[in-house]
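Examining the three-dimensional arrangement
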There are 2 protein chains.
Amino acid sequence: MDTEFALSCPLPITQHKTIVLGHGSGGRLTAQLVRDLFLPAFDNPALRKLDDQAVVEVGAERIALTTDSFVVTPLFFPGGDIGKLAVNGTVNDLAMSGARPLFLSAAFIMEEGLPLEELMRVTQSMAEAAAEAGVAIVTGDTKVVNRGSADKLFITTAGVGLVANGISVSVCNAKPGDVVIVSGTIGDHGMAVWATREGLEFEGAILSDTAPLNALVEAMLIAGEVRALRDPTRGGLGTSLCEIAAASSTGIEIDATAVPVREDVKAACETLGMDPLFVANEGKLVAMASESSAEAVLNAMRRMPHGKDARVIGRVVADHPGMVLLKTEIGGSRIIDLPFVEQLPRIC
Amino acid sequence: MDTEFALSCPLPITQHKTIVLGHGSGGRLTAQLVRDLFLPAFDNPALRKLDDQAVVEVGAERIALTTDSFVVTPLFFPGGDIGKLAVNGTVNDLAMSGARPLFLSAAFIMEEGLPLEELMRVTQSMAEAAAEAGVAIVTGDTKVVNRGSADKLFITTAGVGLVANGISVSVCNAKPGDVVIVSGTIGDHGMAVWATREGLEFEGAILSDTAPLNALVEAMLIAGEVRALRDPTRGGLGTSLCEIAAASSTGIEIDATAVPVREDVKAACETLGMDPLFVANEGKLVAMASESSAEAVLNAMRRMPHGKDARVIGRVVADHPGMVLLKTEIGGSRIIDLPFVEQLPRIC
């Protein structure tokens, strides 16, 4: 399931009688929904791992399967659009299992009245993104609903990838001593979409970072021992770290000063009262690499276009399992926890 | 792509400036959209076959990949609900390639305000359908959109299946002489949903036929030579036959009196001015079996719960390639052609 995990959710799902926006946040309410509703209904070993993708055996091969729906508004924003997001998002979810992404499906739910020209731009963008990532969109579906029953266009992509022999990357695999590496600045995507939507003055200055990360991951896997990977989309880096800590039953300590945030993103977050740690990214990853190979992994990342700003931001520790501590500039530390509510609805 | 093909669409897509309901009909406008927009953008050999699923090589295995979005309204109807439909629809699309369905993904787009109890019923129903079909739902996604931006709940399922060695089933493979077999009565699903939606008096009497067809297909493949399979969902049996005739460049002749339609479905269709040939099914298939093995295939079908009413309804012929002729009761014949417009919007 996407950016969810089932731990540390004290309240039962029945606190709500209806779905609220927070259930789609990727935060605490989403985790509740998964724990109390989807997991009990669909329970199986692959789902239970709560990676962003399932790795399953099909005949003689291990394949990764993943899906995401995209409901971002507006459809077009600086640096990308819903189509590019849909392709890169699924490519990245596959890559985060160490799989080589191969084939995608794409299902379109369109609102009556959607301008054909917009649909054409989106499909063209998907085709370009697929070409860049080296995947083929091999099957699809189109549905149209009457005006007012959807908001323009929703796209759901699913993808399959091949997991090579010997590869074992999972959010369950982080170990004390592992080095935490982030591939670049955080919060760009969320702020780009938010600024466009709200017509804020920094609109256009901040570009979405949407990008395919499979080539980056391939280089990392060759360079060293990468144990856990996550692309911190909805919910942001903070949520991904919490998920890895919980899934691996380890603690994580992050150096706040080391986390790269663009100055304009930082300023935008301050204006809106948001923490960049919980703002969505669409072209970044966080990795847990073994201590002995971390430098090699980092160097390999920096040689790749989507990893050139990669930095070490912290450590996996044996203390406080399941908990993420942020060491702040002034020498203190605070616990990073999942947000309860939807910070930025419909960001992806 | 689902129930679309790119032939015999005289008008270019640019006749419309925006998406209309007919673009989701599975008929002529959907075919135009695929031919003029999706195919040029995403072009690749697997997509070009225009089966309801792609069969691709992943490592040493051939796997089938498919996806469908479900936007049916109402969410619950006699004989099923959106969840059962979403699981069976994807299972069946996989089965129609001769694949053994194995793993499904499920992505939920929920409208703020959706009663949690309804979501629970739907997921429970999906779990039961998955268990019946012998597949596991191994990964998923949840998105929430604000009130008014979607109609309660849309579900997109994708699935992977394994295609055994030697299996080659495709809508491109029908050959003159093949026998056309339908697995049971047609039009049940469409009329069940329509009646519920409109509060018509035969509501409740007609049940959706939604069912997993993978066990039926497995029995058929063991019994004889099955060349082409299609589950006539949106667009109905008529559309599926047109698609097979076009994809295989053969003619098809159907005996109108042989096509099984329940009396109440026939009556409902007459009331609404609809042709059961173009009304959706969700638990039926149409097969082209080699002449020599057709009887064995038919007998195997009749031994299975979802094939007990299987009947021969016609022949694949060398004449009039791409064209489907319906021989009527009074000895005449008429050409079956794709409907231009959406007969029953949001039927699946």
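A short tour of the structure in this document, coming up. Computed from a predicted model, the values in this text were never measured in an experiment.

**Examining the overall build of chain A**
- From N to C terminus, chain A includes nine helices and 14 strands.
- The C-alpha atoms of chain A give a radius of gyration of 19 Å, which matches the 20 Å a tight globule of 348 residues would have.
- Across its three principal directions, the C-alpha atoms of chain A cover 55 × 50 × 45 Å.
- Each of the 348 residues in chain A was classed as buried or not, and the buried ones make up 66%.
- In chain A, the share of contacts with a sequence separation of at least 24, taken over all contacts with a separation of at least 6, comes to 83%.
- As displayed, chain A has an accessible area near 11300 Å², and 52% of this comes from carbon and sulfur atoms.
- Each charge class in chain A was averaged separately, 28 positive and 43 negative side chains, and the resulting centres sit 2 Å apart.

**So, helix α8 (residues 263-272) of chain B**
Residues and elements named next belong to chain B.
- Every buried residue belonging to α8 is among V265, A268 and C269, and all of these are buried. When α8 is viewed along its axis, its buried side chains cluster within an angular range of 100° and face the same direction. Exposed and oriented more than 90 degrees from the buried face of α8 are E263, E270 and T271.
- Phi turns positive one or two residues past the end of α8, at G273, with a value near 70°.

**Remarks on the interface of chain A and chain B**
- Taken together, the contact pairs 82 residues of chain A with 82 residues of chain B.
- Here chain A meets chain B over a buried area of about 6700 Å², counting both sides, of which 71% is carbon and sulfur.
- Counting every contact that joins chain A to chain B gives four salt bridges.
- For R234 of chain A, the salt bridge identified is with D141 of chain B, shortest N-O distance 3.2 Å.
- Elements that contribute at least two residues to the side of chain A that touches chain B include exactly α1 (28-42), α2 (45-48), β1 (54-58), β2 (61-70), β5 (99-111), α4 (116-133), β6 (136-145) and β7 (153-163) of chain A.
- In the side of chain A that touches chain B, the residues fall into 45 nonpolar, 22 polar and 15 charged.

Reading the values: rules and limits
- Residues numbered from 1 in each chain as written.
- Chains lettered and ligands numbered in written order.
- Predicted model: local features only at pLDDT ≥ 70, side-chain atom pairs only at ≥ 80, totals over all residues.
- Heavy atoms only, no water.
- Helix = DSSP H or I, 4+ residues; strand = E, 2+ residues; numbered from the N terminus.
- Rg over C-alpha atoms; globule rule 2.2 N^0.38 Å.
- Buried < 20%, exposed > 50% of the residue type's maximum accessible area, 1.4 Å probe, protein only.
- Contact = heavy atoms within 4.5 Å.
- Areas by Shrake-Rupley, 256 points an atom, 1.4 Å probe, with all protein chains shown as cover.
- Lys, Arg positive; Asp, Glu negative; His and termini not counted.
- Charge placed at Lys NZ, Arg CZ, Asp CG, Glu CD.
- Arc of directions from axis to C-beta.
- Buried area = accessible area lost by both parts, 1.4 Å probe.
- Salt bridge = Lys/Arg side-chain N within 4 Å of Asp/Glu carboxyl O.
- Nonpolar A, V, L, I, M, F, W, Y, C, P; charged D, E, K, R; others polar.

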